[in-house]
Protein chains: 2
Amino acid sequence: MTAAHATPLAPALPDFAAVEDAAKRIAGLAVVTPLLEAPLLNATLGCRLLVKAEPLQRTGSFKFRGAYNRISRLTADERKRGVVAFSSGNHAQGVAAAAQLVGTPAVIVMPSDAPAIKVANTRAYGAEVVAYDRWRESREEIGARLTAERGAVLVPPYDDVHVIAGQGTVGLEVAQQAAAQGITLDAVLACASGGGLIAGIALAMERLSPRTEVFVCEPAGFDDHARSLAGGSRVANAPGASSICDALLATTPGDITFPINNRLLRGGLVASDDEVLRAMAVAFRDLKLVVEPGGAVGLAAVLAGKLPVRGRTIAVVCSGGNVDPATYGRALAML
Amino acid sequence: MTAAHATPLAPALPDFAAVEDAAKRIAGLAVVTPLLEAPLLNATLGCRLLVKAEPLQRTGSFKFRGAYNRISRLTADERKRGVVAFSSGNHAQGVAAAAQLVGTPAVIVMPSDAPAIKVANTRAYGAEVVAYDRWRESREEIGARLTAERGAVLVPPYDDVHVIAGQGTVGLEVAQQAAAQGITLDAVLACASGGGLIAGIALAMERLSPRTEVFVCEPAGFDDHARSLAGGSRVANAPGASSICDALLATTPGDITFPINNRLLRGGLVASDDEVLRAMAVAFRDLKLVVEPGGAVGLAAVLAGKLPVRGRTIAVVCSGGNVDPATYGRALAML
């Protein structure tokens, strides 16, 4: 409570009240996505599996939640100058759609190899798209330059209190939807790139369902959260890895997200690209839900047996569905 | 009220009270499927389009609603002997799943060329499957023989008061979900094979949203409802036609469904197989919803401009999502 205790290097962290506040702010604009269940899949797995269907969210992924929670808080003056974001595609669409609703210009820095559907949709929401080379240029530097040039506000993909709180509404809804059905969740699984979604979910579960274990799920080669949690401090992914999960390629856990995740998560699970493709196929066959690779990594972890599920009740967040037909065809070939 | 007025040839018709009663009976077992909306699709069409997502229903189509409403009313004695149904696949799965929940044996007569996923799922719900040749044998005769042999109860796919009332809960939910959002629907579209779904929907809209026009949608070559409505009496499809819409191949409107549809529907719309495939692709891209050919015919009618939609608010029922990967690949190739 005194200045002597101030630690300027420790970032402000969002809390449960921030998640509740975000839920009020996005109400009526974000979709309260359903918690899907497939009896035949339950029978196969010997567990009760609930799937939070964020592909059905506005813009096709959970990213609209955090983006709108941040952008709707711009001052009148900031709205005139607009927002900048860098994103492989889902945050791009979330920011573009939120900016359009709020009435502020958006410029989005996207990798030149982002899925075509993500680039096209970002433009369709009225944003300006600036392409960069994922392997040779720094999106952070490009974003910083654009922000300075335009006097715009940078909307980070995960390291932002309001963005994390917005993504946390996924966890809030999962907890509320499970409780409404009289279900006690043994575990909740969601993917991570920078860790904003899983951090927000963990904040919600800590308050609403404290005995539920929260696991982060990542693609092989990009398991920086799993290894950072195991060691208790942030480590980076080795360079040169590749994955079909275009949405999950951040190299380290975030500055703000990691302290939350390190305190609240039970651990990390890792799935291969083939396991991810198979999970997309199962979502097609048993849930009738289009899930993109990055969105299927949690389901992949369950289906591939990375977590004991028999006799338990598990919620998995399928975080997005923005996938090109060619990639989807690869998943269908798994059936 | 007197015997002199009895007309033995006129079948008993379901009414709105039967739909409300069905809603109570399926509550907690059937999914209240969401009404999806895609802002980019709205912008393209210049209308507000709401999609009732019945692929997310238990068994992957609306058919569980009617099947459970009928089968849950079996007497204790009937439950011991079981049920028989004939179906191209979605009614099969609905009956099998409902029978499993009620605890009664089910035998399903399915065409030998039904999609593999529909046959496999019907078996997975514990039903016995009897295959027949769609072009050379009569499923009605096979069903009647099995019913007689086993003393079982036949669960018709559409010509049954309880089945129609159960399917009508789709319309009940559409009307309630639209009202909860403050939306007045200008039109509701759904597909027909025998016409049970659209008849049930029409009963619900007549009471809850009487100014909403209800249209039946059919594949080219199987537009028996459209032509029957235009002429005011039932006509059959010409033999020899084929369509990708495996769920919509009945040859005439039903005995019970047609009087309802003839009284309440505004008319019929027809879509080609290519228009249906394109609608499946749009549902993949913009709604992240897996829709089977027969389930996409209403969406196809809207996208292909078969109905003026500009400036209007339209609800389309996507009725099911049980589609094989190969057929789905044909749809994705449209993008």
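Residues numbered from 1 in each chain as written. Chains lettered and ligands numbered in written order. Predicted model: local features only at pLDDT ≥ 70, side-chain atom pairs only at ≥ 80, totals over all residues.

## Quick look at the interface of chain B and chain A
Thought 1: Facing 22 residues of chain B, the contacting portion of chain A comprises 22 residues.
Thought 2: Breaking the side of chain B that touches chain A down by element, the ones donating at least two residues are helix 2 (39-45), helix 6 (116-124), helix 12 (273-287) and helix 14 (325-332) of chain B.
Thought 3: For the side of chain B that touches chain A, the leading source of residues is helix 14 of chain B, giving 4 residues.
Thought 4: Taken together, the residues that form the side of chain B that touches chain A break down as 15 nonpolar, 4 polar and 3 charged. (Contact = placed C-beta atoms within 7 Å. Helix = DSSP H or I, 4+ residues; strand = E, 2+ residues; numbered from the N terminus. Nonpolar A, V, L, I, M, F, W, Y, C, P; charged D, E, K, R; others polar.)

## Considering the sheet that holds strand 4 (residues 106-111) of chain B
Thought 1: Taken in spatial order, the 4 strands of this open sheet run 5-4-3-6 (chain B), and their pairing is parallel. A strand with exactly one partner marks an edge of an open sheet, and here the two such strands are strand 5 (128-132) and strand 6 (153-154) of chain B. (Pairing = 2+ DSSP bridges.)

## Looking at the sheet that holds strand 9 (residues 267-271) of chain B
All names here are of chain B.
Thought 1: Overall, mixed pairing links the 6 strands, which are arranged 1-2-10-7-8-9 in an open sheet. Taken across any chain shown, the strands that pair with only one partner, and hence form the sheet edges, are strand 1 (35-36) and strand 9.
Thought 2: Two strands pair when backbone bridges link them, and strand 7 (residues 187-191) and strand 8 (residues 213-219) are joined in this way by 5 bridges, in the parallel orientation. Directly across from Cys191, in strand 8, lies its bridge partner Cys217.
Thought 3: On top of the sheet, helix 10 (residues 224-231) reaches strand 8 and strand 9; it is set at about 150° to strand 9, its chief contact. (Axes fitted to C-alpha atoms, helices over the stretch in contact; angles between N-to-C directions.)

## Quick look at the domain arrangement of chain A
All names here are of chain A.
Thought 1: According to the domain assignment, chain A consists of domain 1 (16-62 + 161-332) and domain 2 (64-154).
Thought 2: Relative to domain 2, the C-alpha centre of domain 1 lies at a distance of 23 Å.
Thought 3: Counting residues at the interface gives 27 residues for domain 1, matched by 20 residues for domain 2.
Thought 4: Looking at the side of domain 1 that touches domain 2, the elements with two or more residues in it are helix 1 (16-26) and helix 8 (161-180).
Thought 5: The element contributing the most residues to the side of domain 1 that touches domain 2 is helix 8, with 8 residues. (Domains from an automatic or database assignment.)

## Description of helix 9 (residues 196-208) of chain A
All names here are of chain A.
Thought 1: The end-to-end C-alpha separation of helix 9 is 18 Å, in line with the 18 Å expected for 13 residues at 1.5 Å each.
Thought 2: Here helix 9 lies mainly inside the structure; 10 of its 13 residues are buried.
Thought 3: Of the positions making up helix 9, those classed as buried are Gly196, Leu197, Ile198, Ala199, Gly200, Ile201, Ala202, Leu203, Ala204 and Met205.
Thought 4: In this structure, the buried side of helix 9 is in contact with helix 1, helix 3 (63-71), helix 8, strand 7 (187-191), strand 8 (213-219) and helix 11 (257-264). (Expected span 1.5 Å × (residues − 1). Buried ≥ 20, exposed ≤ 12 C-beta atoms within 10 Å, placed from the backbone.)

## A look at the environment of B:Arg139
Residue and element names in this part refer to chain B.
Thought 1: By secondary structure assignment, the location of Arg139 is in helix 7 (residues 139-150).
Thought 2: Linking Arg139 and Gly240, residues 101 residues apart in sequence, is a C-alpha distance of 17 Å.
Thought 3: Filtering out sequence-adjacent residues up to four positions away, Arg139 remains in contact with Phe86, Val109 and Tyr132.

## Topic: the pairing of strand 8 of chain B
All names here are of chain B.
Thought 1: In terms of burial, strand 8 is largely enclosed, as 6 of its 7 residues are buried.
Thought 2: Summarising the sheet, strand 8 and strand 9 pair through 5 bridges and their orientation is parallel. Residue pairing for strand 9: Val216 is matched across the bridge by Gly268.

## Focus on the relation of the copies chain B and chain A
Thought 1: Mapping chain B onto chain A calls for a rotation angle of 180° and an axial translation of 0.0 Å; the resulting RMSD is 0.0 Å. Given the turn and translation reported, the copies of this chain are related as if by a two-fold rotation axis. Judged by C-alpha distance, B:Leu289 is the residue of chain B that lies nearest the rotation axis, at 2.6 Å.
Thought 2: Looking at the interface residues of chain B, 100% of them are also at the interface in chain A, so both copies use one shared face. (Least-squares fit on C-alpha atoms with pLDDT ≥ 70 in both.)

## Focus on the packing of helix 12 (residues 273-287) of chain A against helix 14 (residues 325-332) of chain A
Residue and element names in this part refer to chain A.
Thought 1: Between helix 12 and helix 14, whose axes approach to 7 Å, the crossing angle comes to 85°. As summarised for this structure, helix 12 and helix 14 are arranged roughly perpendicular, according to the angle between their axes. In contact with Leu277, Met280, Ala281 and Phe284 of helix 12, helix 14 contributes Arg330, Ala331 and Leu332.
Thought 2: Looking at the contact of helix 12 with helix 14 residue by residue, the class counts come to 6 nonpolar, no polar and 1 charged. (Parallel < 35°, antiparallel > 145°, perpendicular 65-115°, else oblique.)

## Quick look at unusual backbone geometry
Thought 1: In this model, A:Thr59 sits at a positive phi of 75°, which is unusual for a non-glycine residue.
Thought 2: Checked against the element boundaries, A:Thr59 lands in the loop between strand 2 (48-53) and helix 3.
Thought 3: Positive phi, normally seen in glycine, also occurs at B:Lys288, with a value near 60°.
Thought 4: Among the structural elements, B:Lys288 can be located in the loop between helix 12 and helix 13 (297-303).

## Concerning the confidence of the model for chain A
Thought 1: Considering every residue of chain A, the mean pLDDT works out to 95; 97% of them sit at 70 or more.
Thought 2: Under the prediction, the complex receives an ipTM of 0.95, its pTM being 0.95. (pLDDT = per-residue confidence, 0-100.)

## Thoughts on the packing of helix 1 (residues 16-26) of chain B against helix 3 (residues 63-71) of chain B
All names here are of chain B.
Thought 1: Helix 3 packs onto helix 1 with a crossing angle of 90° between their chain directions and a minimal axis gap of 9 Å. When the axes of helix 1 and helix 3 are compared, the pair comes out roughly perpendicular. On helix 3, the residues that touch Ala22, Arg25 and Ile26 of helix 1 are Arg65, Tyr68 and Asn69.
Thought 2: Grouping the constituent residues of the contact of helix 1 with helix 3 by class yields 3 nonpolar, 1 polar and 2 charged.

## As for the nonpolar core
Thought 1: The biggest cluster of nonpolar side chains holds 225 residues, and the ones touching the most others in it are A:Val95, A:Leu189, B:Val95 and B:Leu189.
Thought 2: Filtering out sequence-adjacent residues up to four positions away, B:Leu189 remains in contact with B:Phe215, B:Cys217, B:Leu269, B:Gly298, B:Ala301, B:Val302, B:Ile314, B:Val316 and B:Val317. (Core = buried A, V, L, I, M, F, W, Y, C linked by C-beta atoms within 7 Å.)

## Quick look at the pairing of strand 2 (residues 48-53) of chain B
On a regular strand, one side chain projects to one face of the sheet and the next to the other, so that they alternate.
All names here are of chain B.
Thought 1: Extensive coverage of strand 2 is indicated by the burial of 5 of its 6 residues.
Thought 2: Across 2 bridges, strand 1 lies against strand 2 in antiparallel orientation. Looking across to strand 2, one finds that Leu35 is bridged to Lys52.
Thought 3: Across 6 bridges, strand 2 lies against strand 10 (residues 313-318) in parallel orientation. Bridging across to strand 10, Leu50 finds its partner in Ala315.

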